[in-house]
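# Architecture and fold: a report
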Amino acid sequence: MLQKTILYVCLLLVQCICFSQTELKKEYSLIDCIDIALKNNLDLKSTILSTNVDAINYKQSKANILPSINGNFNIGVNNGRSIDPFTNDFINQELTFSNARLNLDATIFNGFRLINTVRQQRLNKQASEMEIEEAKQTLVLNVTLAYLQVLNGKAVLELANKRLEATMTQFKRLKTLYDEEVGNPADFADIKGQKTMDETSILTSESALNNAKLNLVRLLNLTDDINVSTTDVLLDFESYGFSSEEVFDDAMENLATFKAKTLRMEAAKKGVNVAKAQFTPEVSFFGQLNTNYSSAAQIFSATGTSVENTGDFVTINNQEIPVQTNQTQFEGKKIGYGDQFDNNLNTVVGIAVNIPLFNGFRAKNNVALEKIKVEESLITLERTEQEIKNAIVQVHFDMQAAFKRHNSLRRQVEAFEESYRINEIRFNNGASNFLAFITSKNNLDNAKTNLINSKYEYFLRVKVLEFYRGEVL
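Rules behind the numbers
Residues numbered from 1 in each chain as written. Predicted model: local features only at pLDDT ≥ 70, side-chain atom pairs only at ≥ 80, totals over all residues. Heavy atoms only, no water. Helix = DSSP H or I, 4+ residues; strand = E, 2+ residues; numbered from the N terminus. Rg over C-alpha atoms; globule rule 2.2 N^0.38 Å. Contact = heavy atoms within 4.5 Å. Areas by Shrake-Rupley, 256 points an atom, 1.4 Å probe, with all protein chains shown as cover. Lys, Arg positive; Asp, Glu negative; His and termini not counted. Charge placed at Lys NZ, Arg CZ, Asp CG, Glu CD. Buried < 20%, exposed > 50% of the residue type's maximum accessible area, 1.4 Å probe, protein only. Phe/Tyr/Trp six-rings, centres within 6.5 Å; stacked < 30°, edge-to-face > 60°. Lys NZ or Arg CZ within 6 Å of the ring centre and 35° of its normal. Core = buried A, V, L, I, M, F, W, Y, C linked by side-chain atoms within 4.5 Å. Pairing = 2+ DSSP bridges. Axes fitted to C-alpha atoms, helices over the stretch in contact; angles between N-to-C directions. Salt bridge = Lys/Arg side-chain N within 4 Å of Asp/Glu carboxyl O. Expected span 1.5 Å × (residues − 1). Parallel < 35°, antiparallel > 145°, perpendicular 65-115°, else oblique. Left-handed = near helix turned anticlockwise from the far one by under 90°. Nonpolar A, V, L, I, M, F, W, Y, C, P; charged D, E, K, R; others polar. Patch = residues over 30% accessible without salt bridge, like charges linked within 9 Å, V, L, I, M, F, W, Y side chains within 5 Å.

Turning to the overall build of the chain, a few remarks are in order. Of regular secondary structure, the chain possesses ten helices and ten strands. On C-alpha atoms alone, the chain measures out to a radius of gyration of 46 Å, which is more than a quarter above the 23 Å that the 2.2 N^0.38 rule sets for 473 residues. Contacts in the chain between residues at least 24 apart in sequence constitute 82% of all its contacts with a sequence separation of at least 6. Just so you have it, the chain exposes about 29100 Å², and 54% of that area is on carbon and sulfur atoms. For the chain, the separation between the mean place of its 50 positive charges and that of its 57 negative charges on side chains is 4 Å.

A few words now on the side chain of Arg 163. The residue Arg 163 is located in helix α4 (residues 113–179) in this model. Assessed through its relative accessible area of 11%, Arg 163 is described here as buried. Leaving out residues up to four positions away in the same chain, Arg 163 has contacts with Asp 198, Ser 201, Lys 441, Asp 445, Asn 446 and Thr 449.

The tally for this structure, following the rule as stated, stands at 15 aromatic pairs. Judged by centre distance (5.7 Å) and plane angle (35°), the rings of Tyr 420 and Phe 437 are tilted. One end of the pair, Tyr 420, is in helix α9 (residues 362–428); the other, Phe 437, is in helix α10 (residues 434–468), and 17 residues separate them in sequence. What makes Tyr 420 buried here is its relative accessible area of 13%. Taken together through their ring pairs, the aromatic side chains of Phe 403, Tyr 456, Tyr 458 and Phe 459 make up a single cluster. Geometry around Phe 171 places Lys 195 over its ring, the cationic atom sitting 5.7 Å from the centre. The positively charged end of Lys 389 is found above the aromatic ring belonging to Phe 248, 5.7 Å away from the centroid.

Core analysis: the largest hydrophobic core is formed by 57 residues, its most contacted members being Val 143, Leu 216, Leu 220 and Tyr 468. Those elements that provide at least two residues to this core are α2 (30–40), α4, α5 (185–220), α6 (244–254), α7 (256–276), α9 and α10. Considering each element in turn, this core owes the most residues, 17 residues, to α4. Not counting residues up to four positions away in its chain, the partners in contact with Tyr 468 are Val 247, Asp 250, Ala 251, Leu 255, Ile 388, Ala 391 and Ile 392. Among the nonpolar cores identified, the runner-up in size contains 14 residues, and Leu 174, Phe 188, Phe 434 and Leu 451 belong to it.

Looking at the element boundaries, Ala 436 is found in helix α10. Considering only alpha carbons, one finds Ala 436 and Glu 424, twelve residues apart in sequence, at a separation of 9.1 Å.

A few words now on the sheet that holds strand β10 (residues 346–354). Two modes of strand pairing occur in sheets, parallel and antiparallel, and in both the strands are linked by backbone hydrogen bonds. The strand order across the open sheet built from four strands is β2-β5-β7-β10, with neighbouring strands paired in antiparallel fashion. Edge positions in the sheet fall to β2 (68–78) and β10, since each of these pairs with one other strand and no more. Shown here is a sheet whose adjacent strand axes are inclined to one another by a mean of 20°, direction ignored. Relative to β10, strand β7 (residues 282–294) is paired through nine bridges, and the arrangement is antiparallel. Residue pairing for β10: Glu 282 is matched across the bridge by Asn 354.

Our next topic: the pattern of salt bridges. Inspection of the entire model under this criterion finds 17 salt bridges. Note that Glu 131 and Arg 264 form a salt bridge whose closest N and O atoms lie 3.1 Å from each other. Of the two residues, Glu 131 is situated in helix α4 and Arg 264 in helix α7; the sequence distance between them amounts to 133 residues. The exposure class assigned to Glu 131 is partly exposed, which follows from its relative accessible area of 26%. Across the pair Asp 445 and Lys 441 runs a salt bridge whose closest N-O atoms are separated by 2.9 Å. Taken as a pair, Asp 445 and Lys 441 lie in helix α10 at a separation of four residues, close to a single helical turn. Classification of Asp 445 as buried rests on a relative accessible area of 8%.

What follows deals with α5. For α5, spanning 36 residues, the distance from its first C-alpha to its last is 53 Å, which sits close to the expected 52 Å at 1.5 Å a residue. Backbone geometry just downstream of α5 places Asn 221 in the positive-phi region, at approximately 55°.

The subject of this paragraph is unusual backbone geometry. With a phi angle near 55°, Asn 221 is a residue other than glycine that sits in the positive phi range. Within the secondary structure, Asn 221 sits in the loop between α5 and β6 (227–228). In this structure Asn 221 comes out as partly exposed when scored by relative accessible area, which is 34%. Of note in the backbone geometry, Phe 361 takes a positive phi value of approximately 60° without being a glycine. Secondary-structure assignment places Phe 361 in the loop between β10 and α9.

Closest axis-to-axis distance for the helix α3 (residues 42–63)/α4 pair is 8 Å, and the angle between their directions is 165°. It follows that α3 is roughly antiparallel to α4 by the angle criterion. Once α3 is placed against α4, the crossing between them reads as left-handed. Split into classes, the residues belonging to the contact of α3 with α4 amount to eight nonpolar, eight polar and seven charged.

What follows deals with a nonpolar patch on the surface. Taken together, Ile 65, Ile 108, Phe 109, Phe 112, Ile 115, Ile 351, Val 353, Ile 355, Leu 357, Phe 358 and Phe 361 make up a surface patch of nonpolar side chains, about 1200 Å² in accessible area. Looking at the nonpolar patch, the elements with two or more residues in it are β5 (95–109) and β10. Summarising the element assignment, Ile 65 is placed in the loop between α3 and β2.

All right, on to the environment of Tyr 458 then. By the secondary structure assignment, Tyr 458 is in helix α10. In the structure, Tyr 458 is positioned 58 residues away from Gln 400 in sequence and 7.9 Å away in space, judged by C-alpha atoms. Those residues in contact with Tyr 458 that lie beyond four places of it in its chain are Phe 237, Glu 238, Ser 239, Tyr 240, Met 399, Ala 402 and Phe 403.

Put into structure tokens, the structure is as follows:
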């Protein structure tokens, strides 16, 4: 039984180890990286939050058109001399009072300020949505470029390993000759130095690859290292088919940054109309519903009559007879809270007109400030167009240069491969010295490294141009 248990535990551990290795070996395609970045990138999340603020401002601007209704209620106790809110008489007693009010305010006309504010906030909201799209486009481009940098680093590292393998072949052969005391001992010393150089080159390539991966992981907002694949990356080396002018024309049509800044400029123009409304009268409708309560309020009801002396006398037959009168007897009763609120209910309605006559030139200066914002937004748009146009021209030139350099380096690699093949045969047969062989080898290795770098440099420039055309992938 114990042996079975141990066997099951071992099988479980093996499965866990295999599963973990499978996870570690998982490769992320470019599409995978882009999807992860669009979900995790912190800069993009911050941009989305800013857009939510503009969306709320737009909703509030529409709600400002609606009438405002506000209620007010209070209750308190007053001691000493005061005015009875029920009878308006002076009293000197403890008094419990309460008031309730309902106010209604509705703007009828204010120079279209509310309407223009709604239009301005709608444009700001649309601009924010375009800024999200701009942030997404930029993020996709950055992820793509970082992905290509990783692929470039992997290719250079693979080439460095192959270079070391070739060196190790000669190292083993020369070590055998050295151990047998055959040949030139200096050749073995040189090959050891070359082996160390190739190992150092591998370390340098590993460091560059690690930095490229860290940059990609940062964009994806991940914590673990990732492996990338080339399953969905088209790396066909073909001449780019668009001129810089065509790329710029497409950028004007497709880049979200132009649309966002254009919408910001239109929103600034609406801001001028909003400021101009301060010169016009404002007409509004108002209404009130009021009531109150007083603990001193009473209602009196007759309970009967009584005969009482008035204090006056009449003389009849030289005899003073007091004057009496019938007095109605009343009984006071407190009026209830709800009854008073119902009995004291009153309403107020009216129309108010606010005419701006002089406000310290505030309206005039606000209009001037809004006009400055329009000019600033226009300059921002023009500056963006100029910067992107200059960037496209520069990137297009660098792309063409990289393409030409790659073709030249390819021919150079072909020549050095033939030179290395001949020198390797001559060196192995003892017809050539080690210096000629190692020089030929280093020339070929450097040419291959430069060829790979020029290839990915060209791809990077193409991806940037495709970004400007609105087609990052």
